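In case you want the letters, here they are:
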Amino acid sequence: MLTDLKTILADTREKHYAVGLFNCVTLEMTKGILAAAEELRSPVIIGPAESLLPGASLAEYADLMLGMARRASVPVALHFDHGFTPELVEQAIRLGFSSVMYDCSMLPFGENLRRTREMARLAHAAGCSLEAEIGHVGSNGSAEEAIAQTIYTDPEDALRFAAESGCDALAVAIGTAHGVYTETPRLNLYCLARIAEACPTPLVLHGGSGLSDADFRACVAGGISKINIFTHNNLAAGRAAHDHWTAERGAFELMPLVTEAVKRETAHHMRVFGSAGKA
């Protein structure tokens, strides 16, 4: 059943679990994620990011995923992740995405707040939730190089931003980065605890692929309500296609194998995040 981000995260803090956003770019990935959610009775968030639009247009992703989300037997939010371009965020809202992220985190605090507040009004008028980001989670080069560029989230700024912007979820920077880690990341859990104590808005962890299960559990215990995963599932899908390909197997024969690989990877994370059984 299609729902919005605000609803799907409503009791995560109280019940000490997080819901995964599993970015997906193909039918096989989407099927695998939803199959895991239904089997484990877990709420789930799916959808593309602006950086993934070379694979398909927003309209094409909506065509693929909206019907699947509506037919699912568990709560599903369809989310447009890391929208930097306001026209694309507005298009996602018009297309029926139930959640959007408007990422102005590289702008000065005041400009980020102003733009987020305007987009939140537009989203809420359409029954759509809005996620924002304060601080900045690095994403250029290697993950380690990106961490060096991270601007950590200040707890007082987080409280003010959430209260004045009207966002329904807030991504925070505590030491993760987008990409593949070659060294073990060092999370600033003290920073997370201070942010969670100050700000009641559901908090989001970006750059989750590559963290250990213990890291994820510590983040959930520290107040994270939503965790973003793409790299893990993307690599699982690629490995399944590679490992099972033969000269006699085409795309059709590989589809169920890719779906199953993504389902296994997703199910593992749902158990770690504590969302299994929460639908």
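Structure first, text after, so check above.
Okay, so let's go over this structure.

### Let's talk about the overall build of the protein chain
Then comes step 1: Counting secondary structure elements, the protein chain contains twelve helices and nine strands.
Then comes step 2: The globule rule puts the C-alpha radius of gyration for 279 residues at 19 Å, and the 18 Å found for the protein chain is close to it.
Then comes step 3: Projecting the C-alpha coordinates of the protein chain onto the three principal axes gives extents of approximately 60 × 40 × 35 Å.
Then comes step 4: A buried classification covers 54% of the 279 residues belonging to the protein chain.
Then comes step 5: Here the analysis covers contacts within the protein chain between residues at least 6 apart in sequence; of these, 72% occur between residues at least 24 apart.
Then comes step 6: Counting every atom, the protein chain has about 11800 Å² of accessible surface; 53% of that belongs to carbon and sulfur.
Then comes step 7: On the protein chain, the mean spot of the 23 positive side-chain charges and the mean spot of the 33 negative ones are 5 Å from each other.

### Things to note about the pairing of strand E2 (residues 19-23)
In summary, the side chains of a regular strand alternate between the two faces of the sheet.
Then comes step 1: Summarising burial for E2: five of the five residues are buried, a large majority.
Then comes step 2: Side chains of E2 alternate between two faces, with Val19, Leu21 and Asn23 and Gly20 and Phe22 buried alike.
Then comes step 3: Relative to strand E9 (residues 224-229), E2 runs parallel, the two sharing four bridges. Counterpart to valine 19 in the pairing with E9 is lysine 226.
Then comes step 4: By the bridge criterion, three bridges tie E2 to strand E3 (residues 44-47) in an arrangement that is parallel. The residue of E3 that forms the bridge with leucine 21 is isoleucine 45.
Then comes step 5: Read from E2 through helix H3 (residues 27-40) to E3, the crossover connection turns out right-handed.

### A few points about the side chain of serine 165
Then comes step 1: If you trace the backbone, serine 165 turns up in helix H8 (residues 155-165).
Then comes step 2: Excluding anything up to four places from it in sequence, serine 165 contacts Leu113, Thr116, Arg117 and Ala120.

### Regarding the packing of helix H5 (residues 86-95) against helix H6 (residues 109-125)
Then comes step 1: At a minimum axis distance of 10 Å, the contact between H5 and H6 shows a crossing angle of 15 degrees. Between H5 and H6, the crossing angle belongs to the class labelled roughly parallel. Once H5 is placed against H6, the crossing between them reads as right-handed. Contacts from Pro86, Val89, Glu90 and Ile93 of H5 reach H6 at Met119, Leu122 and Ala123.
Then comes step 2: Residue classes in the contact of H5 with H6 are distributed as six nonpolar, no polar and one charged.

### So, H5
Then comes step 1: For H5, the set of buried residues is Val89, Ala92 and Ile93. The arc enclosing the buried residues of H5, seen along the axis, measures out at 100 degrees, which places them on a common side. Residues Glu87 and Arg94 are exposed on H5 and point more than 90 degrees away from its buried face.
Then comes step 2: For H5, the elements touching its buried residues are helix H4 (58-71), strand E4 (76-83), strand E5 (99-102) and H6.
Then comes step 3: Where H5 ends, the next residue or the one after it, glycine 96, has phi of about 105 degrees, a positive value.

### Considerations on the environment of histidine 269
Then comes step 1: Relative to the helices and strands, histidine 269 is located in helix H12 (residues 251-273).
Then comes step 2: Look at histidine 269 and you get buried, because its relative accessible area is 2%.

### Notes on the nonpolar core
Then comes step 1: Val44, Ile46, Leu130, Leu170, Leu203 and Ile227 are the most contacted members of the largest nonpolar core, which totals 74 residues.
Then comes step 2: Apart from residues lying up to four places away in sequence, valine 44 is in contact with Ile8, Val19, Gly20, Phe22, Ile33, Leu34, Ala37, Pro75, Val76, Ala77 and Met270.
Then comes step 3: Core analysis: the next-biggest nonpolar cluster, separate from the first, contains twelve residues, Leu9, Met101, Ala169 and Val204 among them.

### Observations regarding the pairing of E4
Then comes step 1: For E4, a buried count of eight out of eight residues is recorded, marking the element as mostly surrounded by other parts of the structure.
Then comes step 2: Pairing analysis gives two bridges linking strand E1 (residues 2-3) to E4, with the strands arranged parallel. In the sheet register, leucine 2 faces E4, and the bridge partner there is valine 76.
Then comes step 3: Bridging between E3 and E4 involves three bridges; their strand directions are parallel. Residue pairing for E4: isoleucine 45 is matched across the bridge by alanine 77.

### Re the pattern of salt bridges
Pairs may arise between side chains of opposite charge once their charged atoms sit close together.
Then comes step 1: What the rule picks out here adds up to eight salt bridges.
Then comes step 2: The salt bridge partner of glutamate 164 is arginine 160, with a shortest N-O separation of 3.3 Å. Placement of the pair is glutamate 164 and arginine 160 together in helix H8, with a separation of four residues, close to one helical turn.
Then comes step 3: Taking relative accessible area as the criterion, arginine 160 reaches 42% and is therefore assigned partly exposed.

About the thresholds
Residues numbered from 1 in each chain as written. Predicted model: local features only at pLDDT ≥ 70, side-chain atom pairs only at ≥ 80, totals over all residues. Heavy atoms only, no water. Helix = DSSP H or I, 4+ residues; strand = E, 2+ residues; numbered from the N terminus. Rg over C-alpha atoms; globule rule 2.2 N^0.38 Å. Buried < 20%, exposed > 50% of the residue type's maximum accessible area, 1.4 Å probe, protein only. Contact = heavy atoms within 4.5 Å. Areas by Shrake-Rupley, 256 points an atom, 1.4 Å probe, with all protein chains shown as cover. Lys, Arg positive; Asp, Glu negative; His and termini not counted. Charge placed at Lys NZ, Arg CZ, Asp CG, Glu CD. Pairing = 2+ DSSP bridges. Right-handed = clockwise from strand over helix to strand, strands pointing away. Axes fitted to C-alpha atoms, helices over the stretch in contact; angles between N-to-C directions. Parallel < 35°, antiparallel > 145°, perpendicular 65-115°, else oblique. Left-handed = near helix turned anticlockwise from the far one by under 90°. Nonpolar A, V, L, I, M, F, W, Y, C, P; charged D, E, K, R; others polar. Arc of directions from axis to C-beta. Core = buried A, V, L, I, M, F, W, Y, C linked by side-chain atoms within 4.5 Å. Salt bridge = Lys/Arg side-chain N within 4 Å of Asp/Glu carboxyl O.

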